[in-house]
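What the coordinates show
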Amino acid sequence: MVGGEGPESYNQNSSYQRALLEAAKEKMSEAISAKLSLDLISDRFNVADFGCASGPNTFVAVQNIIDAVEDKYRKETGQNPAENIEFQVLFNDFTTNDFNTLFQSRPAGRRYYSAGVPGSFFERVLPKESFHIGVINYAFHFTSKIPKGITDRRDSPL
Ligand SMILES: C[S@@+](CC[C@H](N)C(=O)[O-])C[C@H]1O[C@@H](n2cnc3c(N)ncnc32)[C@H](O)[C@@H]1O
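Residues numbered from 1 in each chain as written. Predicted model: local features only at pLDDT ≥ 70, side-chain atom pairs only at ≥ 80, totals over all residues. Heavy atoms only, no water.

1. Notes on the overall build of the protein chain
Within the protein chain one finds 5 helices and 4 strands. Shown N-terminal to C-terminal, the secondary structure of the protein chain runs as helices and strands in the order α-β-α-α-β-α-β-β-α. Overall, the C-alpha framework of the protein chain stretches about 60 × 40 × 30 Å when taken along its three principal axes. Expressed as a percentage of its 158 residues, the buried residues of the protein chain come to 37%. When contacts within the protein chain are restricted to residue pairs at least 6 apart in sequence, long-range pairs at least 24 apart make up 74% of them. Accessible surface, the protein chain: about 10,000 Å² in total, of which carbon and sulfur atoms supply 52%. Placing the 17 positive and 20 negative side-chain charges of the protein chain at their respective mean positions leaves the two points 5 Å apart. (Helix = DSSP H or I, 4+ residues; strand = E, 2+ residues; numbered from the N terminus. Buried < 20%, exposed > 50% of the residue type's maximum accessible area, 1.4 Å probe, protein only. Contact = heavy atoms within 4.5 Å. Areas by Shrake-Rupley, 256 points an atom, 1.4 Å probe, with all protein chains shown as cover. Lys, Arg positive; Asp, Glu negative; His and termini not counted. Charge placed at Lys NZ, Arg CZ, Asp CG, Glu CD.)

In structure tokens:
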């Protein structure tokens, strides 16, 4: 993806991908409300975005999750999540991703700590049990190498 914030940057040319986030928001909130166990919502809650690019969609993706988790917590405990939960967001992408633009353009007023996680998500990039919810928007269809079945007729692509 083209870094920076210029006219050809991913930052300025990702409204199509953003539309998917908007379309999925309600379903995602419903799933969190119905399936996320309250026991998992403790004082520290980690969200990971795999294939975050340099923004701005990743901020929408993680905020949608945080809003849904806070909403569930508020409804089921009657308590204020801002007083009880600290969120941490793990932003993952290739080492060549423009993490500088990403971190410089984080939204003001966000209620989460941030960390960059460099490397391909087809490899292990985080230790076990290091995040509660992971999101991947418009990134999983990228293959890091040509599947063997495509280059060798003897192999099944499945
Ligand atoms: C089309 S962009 C989507 C970015 C963002 N998720 C969004 O919704 O706008 C795809 C991103 O996935 C990243 N990506 C693709 N394959 C990846 C991999 N194997 N590991 C980590 N990031 C990957 C690319 O570098 C790129 O930044």
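2. Looking at the side chain of Glu70
Within the secondary structure, Glu70 is located in helix α2 (residues 57-77). Apart from the residues lying within four places of it in its own chain, the contact partners of Glu70 are Pro81, Phe87 and Arg111.

3. Observations concerning the nonpolar core
Judged by nonpolar contacts, the single largest core of 25 residues is most densely connected at Phe45, Val69 and Tyr112. For this core, the leading source of residues is α2, giving 9 residues. Once residues lying within four places of it in the same chain are set aside, the contact partners of Phe45 are Leu36, Leu40, Val69, Ile85, Glu86, Phe87, Gln88, His132 and Ile133. Within the second largest apolar cluster, 5 residues are counted, among which are Ala48, Leu90, Val117 and Leu126. (Core = buried A, V, L, I, M, F, W, Y, C linked by side-chain atoms within 4.5 Å.)

4. Describing the site of the ligand
Looking at the ligand, there are 18 residues lining it, with Tyr10, Gly51, Asn57, Asp93 and Asn137 nearest. Contact distances for the ligand include 2.7 Å between an oxygen atom and a side-chain N or O atom of Asp93. A distance of 2.7 Å separates an oxygen atom of the ligand from a polar side-chain atom of Asn137. Coverage of the ligand by the protein amounts to 96% of the 590 Å² it exposes when considered alone. (Near = heavy atom within 4 Å. Polar contact = N/O pair within 3.5 Å; in protein donor to acceptor, adjacent residues only side chain to side chain.)

5. Focus on the pattern of salt bridges
Here the structure, examined in full by the defined rule, presents 6 salt bridges. Here Lys27 ties to Glu30 by a salt bridge, and the two come within 4.0 Å at their closest N and O atoms. Pair noted here: Lys27 and Glu30 are both in helix α1 (residues 15-35), with a separation of 3 residues, about one helical turn. Residue class for Lys27 comes out exposed when judged on its relative accessible area of 60%. Residue class for Glu30 comes out partly exposed when judged on its relative accessible area of 41%. (Salt bridge = Lys/Arg side-chain N within 4 Å of Asp/Glu carboxyl O.)

6. Concerning the packing of aromatic side chains
Describing an aromatic ring pair means giving the distance of the ring centres and the angle of the ring planes. Scanning the model with the defined rule gives 10 aromatic pairs in all. For the ring pair Tyr16 and Tyr138, a centre distance of 5.8 Å and an interplane angle of 65° mean the geometry is edge-to-face. Here Tyr16, found in helix α1, pairs with Tyr138, found in the loop between β4 (133-135) and α5 (148-151); they are 122 residues apart in sequence, far enough to count as distant. Judged by relative accessible area, which is 61%, Tyr16 ranks as exposed. Members of the aromatic cluster, joined through ring pairs, are Phe59, Phe91, Phe99, Phe103 and Tyr112. (Phe/Tyr/Trp six-rings, centres within 6.5 Å; stacked < 30°, edge-to-face > 60°.)

7. Things to note about the sheet that holds strand β3 (residues 112-118)
Here we have 4 strands laid out as an open sheet, ordered β3-β2-β1-β4, and parallel in their pairing. Both edges of this open sheet fall to β3 and β4, since each of them pairs with a single strand only. Recorded for the sheet is a direction-independent mean angle of 20° between the axes of neighbouring strands. Sheet analysis places strand β1 (residues 44-50) next to strand β2 (residues 86-93), joined by 7 bridges and oriented parallel. The residue bridging Asp49 from the neighbouring strand is Phe91, located in β2. (Pairing = 2+ DSSP bridges. Axes fitted to C-alpha atoms, helices over the stretch in contact; angles between N-to-C directions.)

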